[in-house]
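Structure at a glance
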Amino acid sequence: MSSELRGSQAEQFVPPGGVIGIVGGGQLGRMLALAAARIGLDVHIYAPEKDCPAGRVAAKTWSAAYDDANALANFARACDVVTFEFENIPVSALRQIEAAGTPVRPGEAALENSQDRLVEKRFLKSIGLNTAEFRQVDGPAHLETALSHLGEGFLKTRRAGYDGKGQIRLVPGDDAAEAWARLGGVPAIFEQRVAFARELSSVVARGLDGTLKTYDIPENTHETGVLRQSRVPADASPAVLSDARDAGERLADALDYVGVLALELFETEDGALLANEFAPRVHNTGHWTEDACITGQFEQHTRAVCGWPLASTHRLCDAVMENLLGDEVSTSLERANKRSVTRLYGKREIAPGRKMGHLTHLKHPRASA
Ligand code: AMP
């Protein structure tokens with residue numbers, strides 16, 4: 001490393017006691033805020049809601065819209081570094097924060113390439129990762145053609161879909177016009193269904209100096225598009241796990257990423273990996289890391305965006321993370337056993353399928369770290 005680079009990186013270092021700003025006020029922001037507080041940082045949350053899970057554990061909450069230029073500039077000036085906890089914030093908000101002189105990590109490229117499924121899939125392919133076959137769909141006629149060429153698959157909105165929302169599963173013969181209208185008549189993609197053997201994800205941390213640290217690859221189970229469970233170790237071969245790790249690291253390098261990201265992957269029956277999507281933030285499939293690893297994803301992300309050295313991702317035990325969705329939160333205390341860690345998000349209202357908390361069941365502690 002040149003002394004010039006060392007110098008500029010030193011300026012980008014947030015000292016202990018500094019202020020980290022987090023855009024977004026949900027559970028990911030809350031868990032980031034708690035982890036940041038444990039390593040001596042003050043946390044400011046920026047979110048449109050007045051009362052949000054993250055704001056209730058932070059030093060200060062800025063309640064304002066994502067297009068409020070004044071509030072964004074004031075928030076930026078109060079923070080040493082800013083990060084975000086979900087990807088559907090306007091890129092313009094990040095630009096306004098940076099214009100006020102505060103670095104935003106990860107940067108715009110990560111946000112831009114993950115907000116739109118078409119851009120995202122093309123980007124993943126451009127860096128040499130395979131994806132399911134897909135087509136751009138801008139109207140019912142496109143959908144009709146895509147369905148007849150690709151067979152069974154998923155119509156997905158290009159923007160703002162999450163947790164299975166904004167997508168419809170279709171088989172040949174289904175009414176394309178009706179499906180297009182049901183999805184809201186918005187720009188979309190149609191993606192061929194992958195007959196996967198399992199779903200995996202690569203949760204990767206990349207530091208300001210480009211150092212990579214990747215967690216053990218979890219195996220994930222979804223129900224109706226929502227994550228139900230993540231478990232480690234995954235039941236995949238060492239070769240597949242190593243490919244999954246490489247894919248995540250390739251993505252992080254290609255984006256010159258700083259922080260934690262997650263790349264979701266399908267493993268096909270013949271052991272090939274197809275990249276599904278990535279999240280430029282801490283991720284639900286990495287929640288187990290907080291309780292099963294020396295350093296969990298929330299602290300690791302915080303360290304990375306503050307320019308600190310990354311800490312160990314070493315896994316101390318096997319783990320199964322189970323999401324508590326909707327009403328399941330009411331019985332979470334009974335469901336935990338003596339090897340479970342209970343994490344609840346402090347959401348005031350229970351809604352069907354809403355992520356209310358999670359349990360991580362820890363197994364087989366290893367003799368040595
Ligand atoms: P997504 O919103 O793209 O992450 O999709 C949510 C979940 O739906 C995935 O984790 C899969 O379980 C399922 N899914 C999405 N796309 C496909 C696909 N092309 N083939 C098979 N399953 C899929």
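Let us look at the structure shown here.

Here is what the cut-offs are and how they apply
- Residues numbered from 1 in each chain as written.
- Predicted model: local features only at pLDDT ≥ 70, side-chain atom pairs only at ≥ 80, totals over all residues.
- Heavy atoms only, no water.
- Pairing = 2+ DSSP bridges.
- Helix = DSSP H or I, 4+ residues; strand = E, 2+ residues; numbered from the N terminus.
- Axes fitted to C-alpha atoms, helices over the stretch in contact; angles between N-to-C directions.
- Buried < 20%, exposed > 50% of the residue type's maximum accessible area, 1.4 Å probe, protein only.
- Polar contact = N/O pair within 3.5 Å; in protein donor to acceptor, adjacent residues only side chain to side chain.
- Contact = heavy atoms within 4.5 Å.

Sheet strands pair via backbone hydrogen bonds, and the direction of the pair is either parallel or antiparallel. Pairing is parallel across the open sheet formed by 4 strands, whose spatial order is β3-β2-β1-β4. Since the sheet does not close on itself, it has two edges, and those belong to β3 (60-63) and β4 (81-84), each with one partner. Neighbour-to-neighbour, the strand axes of the sheet open up by a mean angle of 20°, direction not taken into account.

Following R105, the chain continues to P106 via a peptide bond in cis, the omega torsion being -5°. Here P106 shows up in the loop between α4 (91-99) and α5 (108-115). The linkage connecting V232 with the following residue, P233, adopts the cis geometry, with an omega of 0°. Inspection of the secondary structure assignment puts P233 in the loop between β12 (226-232) and α9 (238-254). With a phi close to 40°, T224 is a non-glycine residue in the positive phi region. When its relative accessible area of 78% is taken as the criterion, T224 is described as exposed. Here D256, not a glycine, exhibits a phi torsion of approximately 50°, which is positive. Along the chain, D256 turns up in the loop between α9 and β13 (259-268).

Attention now goes to the side chain of S230. Checked against the element boundaries, S230 lands in strand β12. The exposure class of S230 is buried, given its relative accessible area of 0%. There is a polar contact of 2.7 Å between the side chain of S230 and the side chain of N220. Apart from residues lying up to four places away in sequence, S230 is in contact with P218, E219, N220, N284, T285, W288, A319, V320 and M321.

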